[in-house]
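Fold and geometry: a report
The primary structure of each chain is shown beneath.
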Amino acid sequence: MIINTGGRTDTVQYYTEWLLNRFDEGYVLSRNPMFMNKVTRYELDPKVVDCVVFCSKNYRPILKDLHRITDRFNTYFFYTITAYGKDVEPGVPSIDESIETLKELSSMVGEQRVVWRYDPVLLTEKYTVERHLDTFSDMASRIAPYVSRCIFSFVEMYSKLQFNMPEIIPLRDEQKQMLAQGLGAIAEDNDLILQTCGTDADYSRFGIHHSGCMTLETIGEANGVRFRELKHNGMRKGCHCIESRDIGWYDTCPNGCRYCYANSNPKVAFDNYKDHDPRSPLLLGNLKDADIVQQGNQNSFIRSDNRLTKLDDFN
């Protein structure tokens, strides 16, 4: 199975101590968002966890202790760095700071395991098509040598966006075409593999690949392991990724990104953050008397003739 640490919140940036504690203790509890009293226990053991997938906008807090996880597990890292400033992403470091941290992460784990996410792509009067292309061009020239590829997606117009970010200008098809063409050309100029995420739209004519951003093939290649061939349904409509189990929780990310789908609004996330206990097996709060804890189904996808790739392999 695949453990995902960052789909619901930026665990790496804000819950570093908790995350390291969970891997040290060897298990984690995850509450069911649909049935709140149902809790699943997952063993954090390399025998049943094929890969630990990280997704963050700031890896700085965990860098010095990351080896406590990478020494034992296959790992894969998504690093989101966008064109936006504090007006859109209040808790995210600057582009320059983020790129420097990405370089350090890449030197530690190898560029094969690091993927740059430039998403979501959205438009406002400030963040125009031209600004996206100019910013992406500058960033690609600096980031390309340190990552395996780049993934981008167009913003999904969730209903909450009209309240959290009313200045968003809905993307027209012609604007998506302009962006895809421009991003594809920039990626080609920088020898950067570029692909879409969460869409069935085809931009291959612009040199953009169409695939899942988290597939067994890409994870396997990055870690030097081979997986069994498995059919899967993706994580949502338009998604071609292998299913994973997220150990985070919604409405807990203090980054305050105004387009965020995982937070109903920033105030709720800040209020919930106060209920975090780094010693708890749950990200938010502790077990309650009415909770029902069940053991999660953890089956390995890895073929038996494999070995774990060590960081020394990249040095």
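Up top is the structure these notes are about.
The model shown is predicted, which means the values in this text are computed figures rather than measured ones.

This part is about the overall build of the protein. Broken down by element type, the protein carries nine helices and 11 strands. Against the 2.2 N^0.38 benchmark of 20 Å for 315 residues, the protein shows a C-alpha radius of gyration of 19 Å, consistent with a compact globule. Here the C-alpha coordinates of the protein stretch approximately 55 × 45 × 35 Å along the principal axes. The proportion of buried residues among the 315 residues of the protein is 53%. Residue pairs in contact within the protein that sit at least 24 positions apart in sequence constitute 75% of those at least 6 positions apart. When the accessible surface of the protein is split by element, carbon and sulfur atoms take 49% of a total near 14700 Å². Here the protein contributes 37 positive and 44 negative side-chain charges, whose respective centroids are spaced 5 Å apart.

Considering the arrangement of structural elements, one finds Asp 246 in strand β10 (residues 245-246). Arg 8 provides the closest opposite charge to the buried, salt-bridge-free Asp 246, at an N-O distance of 4.4 Å. At 3.0 Å, the side chain of Asp 246 forms a polar contact with the backbone nitrogen of Gly 7. Non-local contacts of Asp 246, meaning those with residues more than four positions away in its chain, are made with Asn 4, Gly 6, Gly 7, Arg 8 and Ser 30.

Here we take up the sheet that holds strand β4 (residues 51-56). With respect to topology, eight strands assemble into an open sheet ordered β9-β8-β7-β6-β5-β4-β1-β10, the strand pairing being parallel. At either margin of the open sheet sits one strand with a lone partner, and together these are β9 (209-210) and β10. Contacts between helix α8 (residues 216-223) and the sheet are confined to β1 (2-4), β4, β5 (75-80) and β7 (149-154), with β5 contributing the most and set at about 110° to the helix.

A few words now on the pairing of β7. Within β7, six of the six residues are buried, which leaves the element mostly enclosed by the surrounding structure. Neither face of β7 is exposed, since Arg 149, Ile 151 and Ser 153 on one face and Cys 150, Phe 152 and Phe 154 on the opposite face are all buried. Both strand β6 (residues 114-121) and β7 contribute to a ladder of five bridges, which runs parallel. Paired with Val 121 across the two strands is Phe 154, which belongs to β7. One crossover worth recording links β6 to the parallel β7 by way of helix α5 (residues 129-143), and it is right-handed.

Two residues of an α-helix separated by three or four positions point the same way, owing to the 3.6 residues in each turn. The terminal C-alpha atoms of α5, which comprises 15 residues, lie 20 Å apart, in line with the 21 Å expected from a rise of 1.5 Å per residue. Taken as a whole, α5 has its buried residues at Val 129, His 132, Thr 135, Phe 136, Met 139, Ala 140 and Ile 143. Projected down its long axis, α5 carries its buried residues within an arc of 135°, all on one side. Turning to α5, the residues buried within the fold contact α4 (95-109), β6, β7, α7 (173-189) and β8 (194-196).

Let's shift gears to the pattern of salt bridges. Evaluated as defined, the whole model comprises 18 salt bridges. Of the charged contacts, one joins Asp 24 and Arg 68 as a salt bridge, the two residues approaching to 2.3 Å between their closest N and O atoms. Of this pair, Asp 24 sits in helix α2 (residues 16-25) while Arg 68 sits in helix α3 (residues 67-70), and the two are 44 residues apart along the sequence. Between Arg 279 and Asp 277 there is a salt bridge, and its shortest N-O distance comes to 3.2 Å. The network of salt bridges with shared partners includes Asp 24, Lys 64, Asp 65 and Arg 68.

This structure, assessed with the given rule, holds 16 aromatic pairs. When the ring of Phe 23 is compared with that of Phe 73, the centres are 5.3 Å apart and the planes differ by 80°; the resulting orientation is edge-to-face. With Phe 23 in helix α2 and Phe 73 in the loop between α3 and β5, this pair connects stretches of sequence that are 50 residues apart. When its relative accessible area of 1% is taken as the criterion, Phe 73 is described as buried. Residues Tyr 59 and Phe 77 carry aromatic rings whose centres are separated by 5.9 Å and whose planes lie at 70° to one another, so their mutual orientation is edge-to-face. Residue Tyr 59 is found in the loop between β4 and α3, and its partner Phe 77 is found in strand β5; the two are separated by 18 residues along the sequence. As far as the burial class goes, Tyr 59 and Phe 77 line up, both buried.

Here we come to the packing of α5 against α7. Where α5 contacts α7, the two axes come as close as 10 Å, and the packing angle between them is 20°. When the axis of α5 is compared with that of α7, the two are roughly parallel. Once α5 is placed against α7, the crossing between them reads as right-handed. Facing Val 129, His 132, Leu 133, Phe 136, Ser 137 and Ala 140 of α5, the residues of α7 in contact are Gln 175, Met 178, Leu 179, Gly 182, Leu 183, Ile 186 and Ala 187.

Parameters at a glance
- Residues numbered from 1 in each chain as written.
- Predicted model: local features only at pLDDT ≥ 70, side-chain atom pairs only at ≥ 80, totals over all residues.
- Heavy atoms only, no water.
- Helix = DSSP H or I, 4+ residues; strand = E, 2+ residues; numbered from the N terminus.
- Rg over C-alpha atoms; globule rule 2.2 N^0.38 Å.
- Buried < 20%, exposed > 50% of the residue type's maximum accessible area, 1.4 Å probe, protein only.
- Contact = heavy atoms within 4.5 Å.
- Areas by Shrake-Rupley, 256 points an atom, 1.4 Å probe, with all protein chains shown as cover.
- Lys, Arg positive; Asp, Glu negative; His and termini not counted.
- Charge placed at Lys NZ, Arg CZ, Asp CG, Glu CD.
- Salt bridge = Lys/Arg side-chain N within 4 Å of Asp/Glu carboxyl O.
- Polar contact = N/O pair within 3.5 Å; in protein donor to acceptor, adjacent residues only side chain to side chain.
- Pairing = 2+ DSSP bridges.
- Axes fitted to C-alpha atoms, helices over the stretch in contact; angles between N-to-C directions.
- Right-handed = clockwise from strand over helix to strand, strands pointing away.
- Expected span 1.5 Å × (residues − 1).
- Arc of directions from axis to C-beta.
- Phe/Tyr/Trp six-rings, centres within 6.5 Å; stacked < 30°, edge-to-face > 60°.
- Parallel < 35°, antiparallel > 145°, perpendicular 65-115°, else oblique.
- Left-handed = near helix turned anticlockwise from the far one by under 90°.

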